[in-house]
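# Fold and contact review
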Amino acid sequence: MSQKKYALVTGGSRGIGRAICVKMAELGYNVIINYKGNKDAALETARLVQEKGVEAEIMGFDIANRTEVKQILGSWVETYKDVVIEVLVNNAGIRQDVLLPMMSDEQWDSVIDTSLQGMYNVTKQVLTPMVMNRFGRIINIVSLSGIKGMPGQVNYSAAKAGMIGATKAMAQEIARRNITVNAIAPGFIKTDMTEELNEKELANMIPMKRFGTAEEVAELVGFLASKQSSYITGQVISINGGLYT
Ligand code: NAP
């Protein structure tokens, strides 16, 4: 019997992550939908995934909590040895925007711990089986903010820039194993994360004069996850409606 193939999407309960889960299902992957606290939203993503005729599994853990990631994801990987996680999308992330003098230690730590440490915590659990599988796709969702730096987002820019460095280094470490590692840097995308922003005003500085959609980002993730993207690795691909980065 052939091995069951899975895609794991962190922060798959809402926003960009949910659209990515659906895209992975369209590519034929069974999908592990990670979430932090919003189980109902994760179940709704699972329903959308199942509609595509593949299996969905919701998996609640805080990616910033290394012990929890090891316990929940690590033991799942250990238990289901017949399963290969071929695609890992490190998508979960948070913002805590404030100018640096006013930033609390908690605001600095939580943003770094979620994006940067979270990427490390999760990737560590799935990388060895992926290397043994000799095929894989790792896609890290970063941000325009991590490329150009954004005032009021020193914590977030640092976290995303750190992910970009890790993407480039990891890509070179495992290129020979047929595993590609790329980052996607969205600009402004319509999700809960950008809900309180003044879209009308901000859209003026975007050449396309609008925010992007989660589905548009998911299309790019879908391409990078596909076999067709086989010679692209270590790259940061922007998706931002033409915003100069
Ligand atoms: P969102 O709508 O706020 O959704 C965030 C998702 O991440 C939720 O599924 C949430 O789970 C999950 N999450 C947050 N912290 C987590 C943790 N510690 N452990 C596990 N899951 C966690 O965000 P989004 O706009 O879709 O953003 C997705 C990614 O794109 C983020 O990395 C973000 O930085 C990046 N990005 C977004 C934009 C944008 O304009 N929206 C632009 C550039 C980059 P729960 O539902 O359980 O809370």
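Right above here is the structure, for reference.
So, a few notes on the structure that sits alongside this text. Note that the coordinates shown come from a computational prediction; the quantities given were computed from them, not determined experimentally.

### Topic: the overall build of the protein
The number of helices and strands found in the protein is eight helices and seven strands. Whereas a compact globule of 245 residues would reach a radius of gyration of roughly 18 Å, the protein reaches 17 Å, a difference of no more than 12%. Taking the principal axes of its C-alpha atoms as reference, the protein extends roughly 55 × 40 × 35 Å. Within the protein, the fraction of its 245 residues that count as buried is 49%. Sequence separation of at least 24 residues holds for 72% of the intrachain contacts in the protein that already meet a minimum separation of 6. On the protein, roughly 11900 Å² of surface is accessible, and the fraction owed to carbon and sulfur atoms is 52%. Put simply, the protein has 26 plus and 25 minus side-chain charges, and the middle of one group is 7 Å from the middle of the other.

### A closer look at the sheet that holds strand β5 (residues 136-141)
Taken in spatial order, the seven strands line up as β3-β2-β1-β4-β5-β6-β7 in an open sheet, and their pairing is parallel. For this open sheet the edge positions go to β3 (56-60) and β7 (236-239), each flanked by a neighbour on one side alone. For this sheet, the mean angle separating the axes of adjacent strands, direction not counted, is 25°. Pairing of strand β2 (residues 30-35) with β3 involves five bridges; the strand directions are parallel. Residue pairing in the sheet places Tyr-35 in a bridge with Gly-60 of β3. Where helix α1 (residues 15-26) meets the sheet, it contacts β1 (4-9), β2, β4 (83-90) and β5, and its direction lies at approximately 165° from that of β1. Contacts between helix α8 (residues 214-225) and the sheet are confined to β4, β5, β6 (179-186) and β7, with β6 contributing the most and set at about 165° to the helix.

### Regarding the pattern of salt bridges
Oppositely charged side chains can pair when the atoms bearing their charge come close. For the coordinates displayed, the defined rule picks out 13 salt bridges. Lys-5 serves as the salt-bridge partner of Glu-86, at 3.5 Å between the closest nitrogen and oxygen. One end of the pair, Glu-86, is in strand β4; the other, Lys-5, is in strand β1, and 81 residues separate them in sequence. Residue Glu-86 is classed as buried on the basis of its relative accessible area, which comes to 3%. One salt bridge connects Arg-210 with Glu-216, and the closest N-O pair in it is separated by 2.8 Å. On the basis of relative accessible area, Arg-210 is assigned to the partly exposed category, the value being 36%. A single network of salt bridges, built from pairs that share partners, joins Lys-23, Glu-26, Lys-52 and Glu-219.

### Observations concerning a nonpolar patch on the surface
A contiguous nonpolar patch, built from Leu-100, Trp-108 and Val-154 and spanning about 250 Å² of accessible area, is present on the exposed surface. Structurally, the position occupied by Val-154 is in helix α6 (residues 154-174).

### Focus: the site of the ligand
In the vicinity of the ligand there are 31 residues, among which Ser-13, Asp-62, Asn-91, Tyr-156 and Thr-191 approach most closely. Between Asn-91 and the ligand, the recorded distance is 2.6 Å, taken from a backbone N or O atom to an oxygen atom. Surface burial for the ligand is 94%, taken as the share of its 910 Å² of free accessible area covered by protein chains. Mapped by element, the contributors of at least two residues to the shell around the ligand are α1, β2 and α6. Looking at the shell around the ligand residue by residue, the class counts come to 13 nonpolar, 13 polar and five charged.

### Some points on the nonpolar core
If you look at the biggest cluster of nonpolar residues, it comprises 31 residues, and the most contacted ones within it are Ile-20, Met-24, Ile-139, Ile-184 and Val-221. Where this core is concerned, the elements lending two or more residues are β1, α1, β2, α2 (39-50), β4, β5 and α8. Considering each element in turn, this core owes the most residues, seven residues, to α8. Membership of the second largest hydrophobic core comes to 24 residues, among which are Met-59, Leu-73, Leu-127 and Val-181.

### Things to note about helix α3 (residues 66-79)
Between the first and last C-alpha of α3 there are 19 Å, a value that for 14 residues agrees with the 20 Å anticipated at 1.5 Å per step. Of the residues making up α3, those classed as buried are Val-69, Leu-73, Gly-74, Trp-76 and Val-77. On its buried face, α3 sits against β1, β2, β3, β4 and α4 (105-133). For α3, the side-chain oxygen to backbone nitrogen distance between the N-cap and Thr-67 is 3.2 Å, and the N-cap itself is Asn-65.

Conventions and cut-offs
Residues numbered from 1 in each chain as written. Predicted model: local features only at pLDDT ≥ 70, side-chain atom pairs only at ≥ 80, totals over all residues. Heavy atoms only, no water. Helix = DSSP H or I, 4+ residues; strand = E, 2+ residues; numbered from the N terminus. Rg over C-alpha atoms; globule rule 2.2 N^0.38 Å. Buried < 20%, exposed > 50% of the residue type's maximum accessible area, 1.4 Å probe, protein only. Contact = heavy atoms within 4.5 Å. Areas by Shrake-Rupley, 256 points an atom, 1.4 Å probe, with all protein chains shown as cover. Lys, Arg positive; Asp, Glu negative; His and termini not counted. Charge placed at Lys NZ, Arg CZ, Asp CG, Glu CD. Pairing = 2+ DSSP bridges. Axes fitted to C-alpha atoms, helices over the stretch in contact; angles between N-to-C directions. Salt bridge = Lys/Arg side-chain N within 4 Å of Asp/Glu carboxyl O. Patch = residues over 30% accessible without salt bridge, like charges linked within 9 Å, V, L, I, M, F, W, Y side chains within 5 Å. Near = heavy atom within 4 Å. Polar contact = N/O pair within 3.5 Å; in protein donor to acceptor, adjacent residues only side chain to side chain. Nonpolar A, V, L, I, M, F, W, Y, C, P; charged D, E, K, R; others polar. Core = buried A, V, L, I, M, F, W, Y, C linked by side-chain atoms within 4.5 Å. Expected span 1.5 Å × (residues − 1).

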